Amino acid sequence: MAHWPHYRPLADIGLLVEFGDCIDEAVHRRIIAFDRAVQAASLPGVVETVPSYATLMIVYDPLLTDLDTLLAAVRPLAAAAGDTVTSPTEHSIPVCYDAECGPDLAATAEMLGLGTDAIIAAHLGGQYRVYMYGFAPGYAYLGGVPALLDLPRKPVPVRSRPVGSVMIAGGQCIVTTLPMPTGWWVIGRSPAAILRPEASRPFLFEPGDTVRFRRIARFDDA
């Protein structure tokens, strides 16, 4: 990590600060620490910060600041950013693995040469971290899926999976917030409200939070 971070301008309204080029918990902890430092500094002209797997995007108002001024302010913050983030929030998310809730559970078990109980146990045993939001409102990308469950995406997406679908692919996990097609493997379903449009904080998770799944029986809307 000695040659990181990299700084890349995004048109005339943004700066992308790269701390790596892979999904790595230590890299992400450094991004979250840097993000908090930028927010605490209240830099003139900064409108928004957007953390992802290995980058932090800083959006700024070009009428209030410019790239050179922003770079001069954030370089020391990035250099000082450690990889320790205090008190991440841990969320306990219920999930039902019944066949109606996890339509791909049997297929994943067959592909991996395991029983469905082993797939469920592995998923419940994962230590998940919220890396970023993307693709759709409230879609939190969780790392920490056990290597045993590392599957590629499906070759052909499936139409309209319901809200709350718990799905895995590429070493990641998502709990869906909207009905839409997906090429990920749906192994369960959760009644947890990840997207809450009317709340002051519309997304349940913050990047850097941790997640544990717990098994429940089938619920009313499943």
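Above this text you will find the structure in question.
These figures come from a predicted structure and were not determined experimentally.

### Considering the pattern of salt bridges
And step 1. Within the structure shown, the criterion is met by six salt bridges.
And step 2. The shortest N-O distance in the salt bridge between Glu100 and Arg218 comes to 4.0 Å. Of the two residues, Glu100 sits in the loop between strand E5 (90–95) and helix H3 (105–112) while Arg218 sits in the segment after strand E13 (210–215), which places them 118 residues apart along the sequence.
And step 3. Its relative accessible area of 53% is what places Glu100 among the exposed residues.

### Re the packing of helix H1 (residues 25–41) against helix H2 (residues 67–80)
And step 1. The contact between H1 and H2 brings their axes to 9 Å, and the two run at 140°. By the angle between their directions, the pair H1 and H2 is classed as oblique. Where H1 crosses over H2, the two elements pack in a sense that is right-handed. Here Arg30, Phe34, Ala37, Val38 and Ala41 of H1 lie close against H2, whose contacting residues are Val74, Leu77 and Ala78.
And step 2. In terms of residue class, the contact of H1 with H2 is made up of seven nonpolar, no polar and one charged.

### Remarks on the packing of aromatic side chains
And step 1. Overall, the coordinates contain seven aromatic pairs when judged by the stated rule.
And step 2. Relative to Phe203, the ring of Tyr133 has its centre 4.4 Å away and its plane inclined at 35°; by these criteria the two rings are tilted. Within this pair, whereas Tyr133 is found in strand E6 (residues 128–133), its partner Phe203 is found in the loop between strand E12 (185–189) and E13, the two being separated by 70 residues in sequence.
And step 3. Here Tyr133 falls in the buried class, since its relative accessible area comes to 18%.

### Re the pairing of E12
And step 1. Most of E12 sits out of view: five of its five residues are buried.
And step 2. Where strand E9 (residues 165–169) and E12 come together, four bridges link them in antiparallel fashion. Among the inter-strand pairings, Ile168 is bridged to a residue of E12, identified as Trp185.

### Focus: the nonpolar core
Generally speaking, a soluble globular protein has its nonpolar side chains buried in company with each other.
And step 1. Counting 27 residues, the largest nonpolar core has Leu142, Ile168, Cys173, Phe205, Val211 and Phe213 as its most contacted members.
And step 2. When near neighbours in sequence (up to four residues on either side) are disregarded, Phe205 contacts His91, Ile93, Val130, Tyr133, Ala140, Ile194 and Val211.
And step 3. Formed by 17 residues, the second largest nonpolar core is a distinct cluster that contains Phe19, Ile31, Phe34 and Leu43.

### Examining the layout of surface pockets
It is a probe the size of a water molecule, rolled over the atoms, that shows where empty space is left.
And step 1. Here the largest pocket is characterised by a volume of approximately 320 Å³.
And step 2. Forming the walls of the largest pocket are Ile32, Asp35, Arg36, Gln39, Glu48, Thr49, Val50, Pro51, Tyr133, Phe203, Glu206 and Pro207.
And step 3. Going through the elements one at a time, H1 and strand E3 (46–51) are the ones with two or more residues in the lining of the largest pocket.
And step 4. Looking at the lining of the largest pocket residue by residue, the classes come out as six nonpolar, two polar and four charged.
And step 5. Empty space within the second largest pocket amounts to approximately 220 Å³.
And step 6. Looking at the second largest pocket, it is lined by 16 residues, and the ones nearest its centre are Glu25, Gln127, Tyr128, Arg129 and Thr210.
And step 7. Here the lining of the second largest pocket is composed, by residue class, of six nonpolar, five polar and five charged.

### So, H3
And step 1. Along H3, the positions that sit buried rather than exposed are Leu105, Thr108 and Ala109. Looking straight down H3, one finds its buried side chains confined to an arc of 100°; they lie on one side. For H3, exposure combined with an orientation more than 90 degrees from the buried face picks out Ala106 and Glu110.
And step 2. Next to the buried residues of H3 lie helix H4 (116–125) and E12.
And step 3. Gly113 sits one or two positions beyond H3 and adopts a positive phi of about 70°.

### A look at the pairing of strand E7 (residues 140–143)
And step 1. On E7, burial covers both faces: Ala140 and Leu142 on one face and Tyr141 and Gly143 on the other are all buried.
And step 2. In terms of strand pairing, E6 meets E7 through four bridges, oriented antiparallel. Within E7, the residue paired with Tyr133 across the bridge is Ala140.
And step 3. Between E6 and E7, which pair antiparallel and follow one another directly, the connecting turn spans six residues, one of which, Phe135, has a positive phi of 75°.

Thresholds applied
Residues numbered from 1 in each chain as written. Predicted model: local features only at pLDDT ≥ 70, side-chain atom pairs only at ≥ 80, totals over all residues. Heavy atoms only, no water. Salt bridge = Lys/Arg side-chain N within 4 Å of Asp/Glu carboxyl O. Helix = DSSP H or I, 4+ residues; strand = E, 2+ residues; numbered from the N terminus. Buried < 20%, exposed > 50% of the residue type's maximum accessible area, 1.4 Å probe, protein only. Axes fitted to C-alpha atoms, helices over the stretch in contact; angles between N-to-C directions. Parallel < 35°, antiparallel > 145°, perpendicular 65-115°, else oblique. Left-handed = near helix turned anticlockwise from the far one by under 90°. Contact = heavy atoms within 4.5 Å. Nonpolar A, V, L, I, M, F, W, Y, C, P; charged D, E, K, R; others polar. Phe/Tyr/Trp six-rings, centres within 6.5 Å; stacked < 30°, edge-to-face > 60°. Pairing = 2+ DSSP bridges. Core = buried A, V, L, I, M, F, W, Y, C linked by side-chain atoms within 4.5 Å. 1 Å grid on protein atoms, 1.4 Å probe; cavity = no way out; pocket = protein on both sides within 12 Å on 5 of 7 lines; lining within 4 Å. Points joined across faces, edges and corners; volume = space filled by probe spheres on them. Arc of directions from axis to C-beta.

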